[in-house]
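The residues making up each chain are set out below.
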Amino acid sequence: MTPEIPADHSDLIGDLSGIVSDYPYVDPELALTVLVDAAKDAFSRSAPGDQGVKVRTGHAVLLFATCWYVGYRLAETGVPTAYAEAANALSATLAPAPCACADGPGSHPDDLDDPEHVVEIGVALLSEEGRAYLTLEYELEPEEMAAYDCPAFLDHLAGEIRVGASPG
């Protein structure tokens, strides 16, 4: 049986994909405020070895996917500040952030240029079912999946989130 992303997560993909394609059909400020609040919560309670680490990864990838929209379309709101706070909270959970990948930083995910694709990856990383789907759909090896959870990769994303969400 082919693993599937949970139904409520499929809805999240649709909502966030609409936002990052700049054709939102939900209120972007509300949706991204809910996302950043959930991320802050995940960042504050994740502990190594805990399922929370995987949820932390999913939220970090989702904030990265949406940060440009925040910086450009929501610059006059409090959302950019919330994104910066979330990125700082993420970095604080990772310090120090050594690379845990067998091949070092060169093995970090590098397919994060298309925001809609990144939304799908981020949502998939939020659940075990989604991770199984991602592994099968993209034919990822275990070390490739583990690279998403690498503290150094996540700390790099935190920096990108801070820059991307800055009003530009």
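In every chain, residue numbers begin from 1 and rise along the written sequence. Given that the model is predicted, a residue must reach a pLDDT of at least 70 before its local features are reported, and side-chain atom pairs must reach 80 or more before they are shown or counted; all residues, however, enter totals for whole chains, interfaces and linings. The basis for every side-chain value is the complete set of non-hydrogen atoms in the structure, without hydrogens or water.

Engineer: Help me get a handle on the side chain of H117, residues and values and all.
Structural biologist: Relative to the elements of secondary structure, H117 occurs in helix α5 (residues 115–124). Burial classification: accessible surface area is computed with a 1.4 Å probe over protein chains only, and a residue below 20% of its type maximum counts as buried, one above 50% as exposed, and the rest as partly exposed. Accessibility expressed as a relative area gives 18% for H117, which makes it buried. Looking at H117, its side chain comes within polar contact range of the side chain of Y138, at 3.5 Å. Setting aside residues no more than four positions away along its own chain, H117 makes contact with D111 and Y138. Numbering of helices and strands runs from the N terminus, with a helix taken as a DSSP run of H or I at least four residues long and a strand as a DSSP run of E at least two residues long. In protein, a polar contact means a hydrogen-donor-capable atom and an acceptor-capable atom, both N or O and within 3.5 Å, with residues adjacent in sequence counting only if both atoms are side-chain atoms; elsewhere, any N or O pair within 3.5 Å suffices. In this analysis, two residues are considered to be in contact whenever any of their non-hydrogen atoms come within 4.5 Å of each other.

Engineer: Please provide a residue-by-residue account of the nonpolar core, values included.
Structural biologist: Definition used in this section: a nonpolar core is a set of buried Ala, Val, Leu, Ile, Met, Phe, Trp, Tyr and Cys residues joined via side-chain atoms within 4.5 Å. By size, the foremost hydrophobic cluster in this structure holds 52 residues, and its most contacted members are L32, L63, Y83 and V119. Of all the secondary structure elements, the ones that give two or more residues to this core are α1 (7–20), α2 (28–45), α3 (51–73), α4 (79–94), α5, α6 (128–137), α7 (142–148) and α8 (151–165). For this core, the leading source of residues is α3, giving 10 residues. With residues up to four places along the chain from it excluded, the contact list for L63 reads L35, V36, A39, F43, Y83, A86 and I161.

Engineer: Quick rundown of the environment of E139? Include the residues and the values.
Structural biologist: For E139, the location among the structural elements is in the loop between α6 and α7. Classification of E139 by relative accessible area gives exposed; the value is 67%. The residues touching E139, leaving out its near neighbours within four places in the chain, are L134 and E144.

Engineer: Help me get a handle on a negative patch on the surface, residues and values and all.
Structural biologist: Here a patch means residues that are over 30% exposed by relative accessible area and free of salt bridges, tied together within 9 Å if like-charged and within 5 Å if nonpolar (Val, Leu, Ile, Met, Phe, Trp, Tyr). Areas reported here follow the Shrake-Rupley algorithm with a probe of radius 1.4 Å; residue values treat only the protein chains shown as occluding. Any Lys or Arg side-chain nitrogen located within 4 Å of an Asp or Glu carboxyl oxygen qualifies as a salt bridge. Counted charges follow a simple rule, with Lys and Arg positive, Asp and Glu negative, and His plus the chain ends left uncounted. Think of each charge as sitting on NZ of Lys, CZ of Arg, CG of Asp or CD of Glu. A cluster of acidic side chains, namely D110, D111, D113, D114 and E116, defines a negative patch on the protein surface. Within the element layout of this structure, D114 appears in the loop between α4 and α5.

Engineer: A description of unusual backbone geometry should follow, citing residues and the corresponding values.
Structural biologist: Non-glycine residue D22 carries a positive phi angle of around 65 degrees. Relative to the helices and strands, D22 is located in the loop between α1 and α2. Positive phi outside glycine occurs at E139, with the angle close to 50 degrees.

Engineer: Describe the state of the cysteines, listing the residues and the values that go with them.
Structural biologist: The term disulfide refers to a covalent linkage connecting the sulfur atoms of a pair of cysteines. By definition, disulfides here are pairs of cysteine sulfur atoms that lie within 2.5 Å. Applying the stated criterion across every chain yields a total of zero disulfides. Between C99, a free cysteine, and C150, which holds the nearest cysteine sulfur, the sulfur-to-sulfur gap is 3.8 Å. By relative accessible area, C99 is classed as partly exposed at 30%. This cysteine, C101, is not joined by any disulfide, and C150 carries the nearest cysteine sulfur, 3.8 Å off. The class of C101 is buried, set by a relative accessible area of 14%.

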